[in-house]
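A structural walkthrough
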Amino acid sequence: MAAGLKAYFMTAGRPKHRPFVELLFDNGLQRPDGVETDLGTAIGELRQKDKRTYESGPYATSPQPGGNVSTSINANGATALASFAEEARRRREAPTAPVPANAKGPQVPASGYVLDEIADGIFWLSDGSYQSMFVVTADGVVAVDAPPTLGHNILRAIGRVTREPVRHVIYSHHHSDHVGAMSIFPEQAAYYAQRATAQRLKLLGDPRRPLPTELYDDSLTLELGDHSLRLDYPGPNHSEGNSFIYAPNQRVLMLVDVIFPGWVPFSNLSLSAFVPGVLRAHEQALDYQFDHFVGGHVTRPGTPEDVRVQQEYLTDLRTTAEAALSGIDLPATMAAIDTSNVWAVFRAYLDAVAAATADEIVPRWKDRLGGADVFTLPNAWAMAESLRLDLNSLGPFSTVP
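A brief report on the enclosed structure follows. Quick caveat: nothing in here was measured; it's all calculated off a predicted structure.

A word on the overall build of the protein
Scanning the protein from N- to C-terminus turns up twelve helices and 14 strands. For the protein, the exposed area adds up to about 18,800 Å²; of that, 52% sits on carbon and sulfur atoms.

What follows is the structure, given as structure tokens:
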């Protein structure tokens, strides 16, 4: 495979912008003017020539999502790698865009959490990053999720508004950052989960995430006094088993790790198991009649408009990434790559696709959604991989004729 890639890049034509031409298929390093140079200097000059910046800072020079290293040739001819930690430090210290006003939520008080009754008997709870929800009914309290960062503050918040015990506990999905503190609830409560979530919890065997006692496949409705809660699972999205939780009478919808009101999705599209399901989940969410939305993350509850805005962002991301998959100048991208290293070849290609996508997306979105300059690059990388692997949009690596 490496030989084939080398042959392709050697015959594919010279790139449009290539200051260092006679390189990289052996250990020799030479500029077009015949002056020998080391690879570290060559790459440094190339970066200096081609670097771009946004108003918010040197975004386009950020390394790829998994980290990166600089390469140089030492006095003995051996390759030396700079520290990954140094690259991480550089990313930390780079300036970020101001958070748009629509991304900001209520100030978190000294208690460590915000509590808001968003609809009759339905309470939203947040520490400014994670969110959960509970419902006070005539048949006791229904608690949905228990992020560890909220932990026992959930019980304190419940105690502020009712003396009713927690009798029902709902898993949105199995990920511990949202349900890792479920053991704070009474053992005798009924624990609900979609079957795939229950299977994963059983495999993990975590005592802090008690096994569900009530399972469903597609849908389950809880009639609890004056409240009705419908648990729906239309298929995999962020994870298998990740469910819609809907209170039709109060017009409240909860869907975790898919929609982030006021913000772009978390890194790598929130590490979602099935990106096409995430894209489809926006349409599925808008099929519900709701006024209030709980997304499980960031600073505030949402609205149907937040769903539509994030859907617009993801559509823009998808369209731009799909164009980049076939639009990258491969010879230029591979100019500094040892093509015998197949992983380096694919990293260079996928990073170039993600960077080209982010270069277009970030200026359009950094003033509309929080964190657009922070997570669009890894989100573009994840979108491109889903386009390749889920949707068979393979760019130059499509079926050989």
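Having seen the model, we can carry on.
Some remarks on the side chain of Q131
Structurally, Q131 is set in strand 5 (residues 131-137). A distance of 3.2 Å separates a polar side-chain atom of Q131 from the backbone oxygen of V298. Here the side chain of Q131 touches R300 through a polar contact of 3.2 Å, landing on its backbone oxygen. Leave out the neighbours within four places in its chain, and Q131 touches W124, L125, S126, P147, L150, V294, G295, G296, H297, V298, T299 and R300.

Details of the packing of aromatic side chains
According to the stated counting rule, one finds eight aromatic pairs in the structure shown. Between F123 and F134 the ring centres are 5.0 Å apart and the planes differ by 10°, which places this aromatic pair in the stacked class. Of this pair, F123 sits in strand 4 (residues 122-126) while F134 sits in strand 5, and the two are eleven residues apart along the sequence. Under the relative-accessibility criterion, F123 is labelled buried at 8%. When the ring of Y349 is compared with that of F397, the centres are 5.0 Å apart and the planes differ by 70°; the resulting orientation is edge-to-face. Residue Y349 is located in helix 11 (residues 342-365), and its partner F397 is located in the segment after helix 12 (372-389); the two are separated by 48 residues in the primary sequence. Using a relative accessible area of 23% as the deciding quantity, one classes F397 as partly exposed. Put simply, the rings of F244, Y246 and Y288 pair up and form one aromatic cluster.

Some remarks on the environment of P301
With respect to the secondary-structure elements, P301 resides in the loop between strand 14 (292-294) and helix 9 (304-327). As a C-alpha pair, P301 and M254 span 47 residues in sequence and 9.7 Å in three-dimensional space. In contact with P301, other than residues within four places in its own chain, are I118, W124, P261, F293 and D306.

Describing the sheet that holds strand 5
Within the open sheet, the seven strands sit side by side as 3-4-5-6-7-8-9. Their pairing is mixed. Since the sheet does not close on itself, it has two edges, and those belong to strand 3 (114-119) and strand 9 (214-216), each with one partner. Each strand axis lies, on average, 20° off the axis of its neighbour in the sheet, ignoring direction. Relative to strand 6 (residues 140-144), strand 5 is paired through five bridges, and the arrangement is antiparallel. Within strand 6, the position partnered with M133 by the bridge is V144. Along the sheet face, helix 4 (residues 153-161) touches strand 3, strand 4, strand 5, strand 6 and strand 7 (166-170) and points at about 35° away from the line of strand 5. Along the sheet face, helix 6 (residues 195-204) touches strand 8 (190-194) and strand 9 and points at about 110° away from the line of strand 8.

Comments concerning the pairing of strand 7
Most of strand 7 is tucked away, with four of its five residues classed as buried. Across four bridges, strand 6 lies against strand 7 in parallel orientation. By the bridge assignment for strand 7, V141 is matched with V166. Here strand 7 runs beside strand 8; their pairing, made up of three bridges, is parallel. Opposite V169, over in strand 8, you have Y191 as the bridge partner.

Section: helix 12
Between its terminal C-alpha atoms helix 12 stretches 24 Å, which fits the 26 Å expected from 18 residues at 1.5 Å a residue. Roughly 25° is the biggest bend found in helix 12, and it falls at P378. Within helix 12, 14 of the 18 residues are buried, leaving the element largely enclosed by the surrounding structure.

What to know about the sheet that holds strand 14
Taken in spatial order, the five strands of this open sheet run 10-11-12-13-14, and their pairing is mixed. In the strand order of this sheet, the two ends are held by strand 10 (219-224) and strand 14, each with one partner. Each strand of the sheet is rotated relative to its neighbour by a mean of 15°, with strand direction disregarded. Across three bridges, the pairing between strand 13 (residues 252-254) and strand 14 is parallel. Each bridged residue has a counterpart across the sheet, and for V252 the counterpart in strand 14 is H292.

Describing the nonpolar core
Within the largest apolar cluster, 48 residues are counted, with the highest numbers of intra-cluster contacts made by L253, Y313, L314, L317, Y349 and M383. Counting only elements with at least two residues in this core, the list comes to strand 12 (244-247), helix 8 (275-286), helix 9, helix 11 and helix 12. At twelve residues, helix 11 tops the list of elements feeding residues into this core. Ignoring any residue separated from it by four or fewer positions in sequence, one finds L317 in contact with L269, T357, I361, T376, N379, A380 and M383.

Conventions we followed
Residues numbered from 1 in each chain as written. Predicted model: local features only at pLDDT ≥ 70, side-chain atom pairs only at ≥ 80, totals over all residues. Heavy atoms only, no water. Helix = DSSP H or I, 4+ residues; strand = E, 2+ residues; numbered from the N terminus. Areas by Shrake-Rupley, 256 points an atom, 1.4 Å probe, with all protein chains shown as cover. Polar contact = N/O pair within 3.5 Å; in protein donor to acceptor, adjacent residues only side chain to side chain. Contact = heavy atoms within 4.5 Å. Phe/Tyr/Trp six-rings, centres within 6.5 Å; stacked < 30°, edge-to-face > 60°. Buried < 20%, exposed > 50% of the residue type's maximum accessible area, 1.4 Å probe, protein only. Pairing = 2+ DSSP bridges. Axes fitted to C-alpha atoms, helices over the stretch in contact; angles between N-to-C directions. Expected span 1.5 Å × (residues − 1). Bend = angle between axes of the 7 residues up to and from the residue. Core = buried A, V, L, I, M, F, W, Y, C linked by side-chain atoms within 4.5 Å.

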